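Analysis of the macromolecular model
Next come the chains, spelled out residue by residue.
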Amino acid sequence: MDFKEYVRNIPDFPEKGVYFKDITPLLQDAHALSAAKEALLKMLGNQKIDKVVGMESRGFFFAPMLAVDLGAGFVPVRKPGKLPFDKIRETYTLEYGEDVLEIHSDAISKGDKVLVHDDVLATGGTASAVCKLIERLGGEVVQCNFLLELQFLKGHEKLKGYTIASLMKF
């Protein structure tokens, strides 16, 4: 299946000069959604996973589905003020600014094998921050999975030392 057929370009969103990759056509098609989930699982191979971490907000589309199929727990990583329990935080840079992510301090146990999932690998700032949070809690990042990768932004460079898998590359 050519998943790129289910991604549309939106010019000047969220700001002028940015071409946003809109995955809602893929999410709206049950067959494409299921096939994408299966393809993301296949990229992982037979690795044991204890937790799947998804980043707010579009990482929440696939990460819980992957967790269920892997028999793993799902861990949300969110922006400040969204998680109610004790948490740790990491500041990171993104394509057009700076932001902060938080994770519950009890979400990852020492030695947990963790799959990181997000919809897009752009500059790598978000995924790098998430990997740091996981490792601060004692987890081991097994792989970083992405629905799509914007290769020209060189996000893979911020993730050196981690296994990266992307379903689509632009």
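The structure we're discussing is the one just above.
Described in the following lines is the structure provided in the data block. Note that the structure is predicted; figures quoted are calculated from it, not measured.

Reading guide: rules and limits
- Residues numbered from 1 in each chain as written.
- Predicted model: local features only at pLDDT ≥ 70, side-chain atom pairs only at ≥ 80, totals over all residues.
- Heavy atoms only, no water.
- Helix = DSSP H or I, 4+ residues; strand = E, 2+ residues; numbered from the N terminus.
- Rg over C-alpha atoms; globule rule 2.2 N^0.38 Å.
- Buried < 20%, exposed > 50% of the residue type's maximum accessible area, 1.4 Å probe, protein only.
- Lys, Arg positive; Asp, Glu negative; His and termini not counted.
- Charge placed at Lys NZ, Arg CZ, Asp CG, Glu CD.
- Expected span 1.5 Å × (residues − 1).
- Arc of directions from axis to C-beta.
- Contact = heavy atoms within 4.5 Å.
- Salt bridge = Lys/Arg side-chain N within 4 Å of Asp/Glu carboxyl O.
- Phe/Tyr/Trp six-rings, centres within 6.5 Å; stacked < 30°, edge-to-face > 60°.
- Lys NZ or Arg CZ within 6 Å of the ring centre and 35° of its normal.
- Axes fitted to C-alpha atoms, helices over the stretch in contact; angles between N-to-C directions.
- Parallel < 35°, antiparallel > 145°, perpendicular 65-115°, else oblique.
- Left-handed = near helix turned anticlockwise from the far one by under 90°.
- Nonpolar A, V, L, I, M, F, W, Y, C, P; charged D, E, K, R; others polar.

Notes on the overall build of the chain
Counting its regular elements, the chain contains four helices and nine strands. Taking 2.2 N^0.38 as the reference for a compact globule, 170 residues should give roughly 15 Å; the C-alpha atoms of the chain span a radius of gyration of 15 Å, in line with that estimate. With the C-alpha coordinates aligned to their principal axes, the bounding extent of the chain is approximately 40 × 35 × 30 Å. Evaluated residue by residue, the chain yields a buried proportion of 47% over its 170 residues. Looking at charge distribution, the chain has the averaged site of its 22 positive side-chain charges lying 2 Å from that of its 24 negative ones.

Topic: helix α3 (residues 59–70)
A rise of 1.5 Å per residue sets the reference length of α3, with its 12 residues, at 16 Å; its end C-alpha atoms lie 16 Å apart and thus fit the reference within 8%. Looking only at α3, the buried set comprises G59, F62, A63, L66 and A67. Down the axis of α3, the sector holding all buried residues measures 140 degrees, keeping them to one side. Next to the buried residues of α3 lie α1 (24–28), α2 (30–44), β3 (51–55), β4 (73–77), β7 (113–121) and β8 (140–149). Following α3 by one or two positions, G71 adopts a phi angle in the positive range, close to 65 degrees.

Comments concerning the pattern of salt bridges
In total, this model carries 12 salt bridges according to the counting rule given. The partner of R8 in a salt bridge is D22, and the shortest N-O contact between them spans 2.5 Å. Pair noted here: R8 is in strand β1 (residues 8–11) and D22 is in strand β2 (residues 19–22), with a separation of 14 residues, a long-range link. Its relative accessible area of 40% is what places R8 among the partly exposed residues. What makes D22 buried here is its relative accessible area of 9%. Among the charged side chains, a salt-bridge network with shared partners connects K37, E38 and D69.

A look at the packing of aromatic side chains
Tallied over the entire structure, the rule returns two aromatic pairs. Where F60 meets F74, the ring centres are 5.8 Å apart and the plane angle is 90 degrees; that geometry is what we call edge-to-face. Of this pair, F60 sits in helix α3 while F74 sits in strand β4, and the two are 14 residues apart along the sequence. Residue F60 is classed as partly exposed on the basis of its relative accessible area of 24%. The lysine or arginine in question, K4, covers the ring of F170, its NZ or CZ lying 5.0 Å from the ring centre.

Some words on the packing of α2 against α3
In the contact formed by α2 and α3, the axes pass within 10 Å of each other and the chain directions differ by 60 degrees. With respect to each other, α2 and α3 are oriented oblique. For α2 against α3, the interelement crossing comes out right-handed. Of α3, the residues touching α2 (which contributes L33, A36, K37, E38, L40, L41 and L44) are F62, M65, L66, D69 and L70. Residues belonging to the contact of α2 with α3 are distributed by class as follows: nine nonpolar, no polar and three charged.

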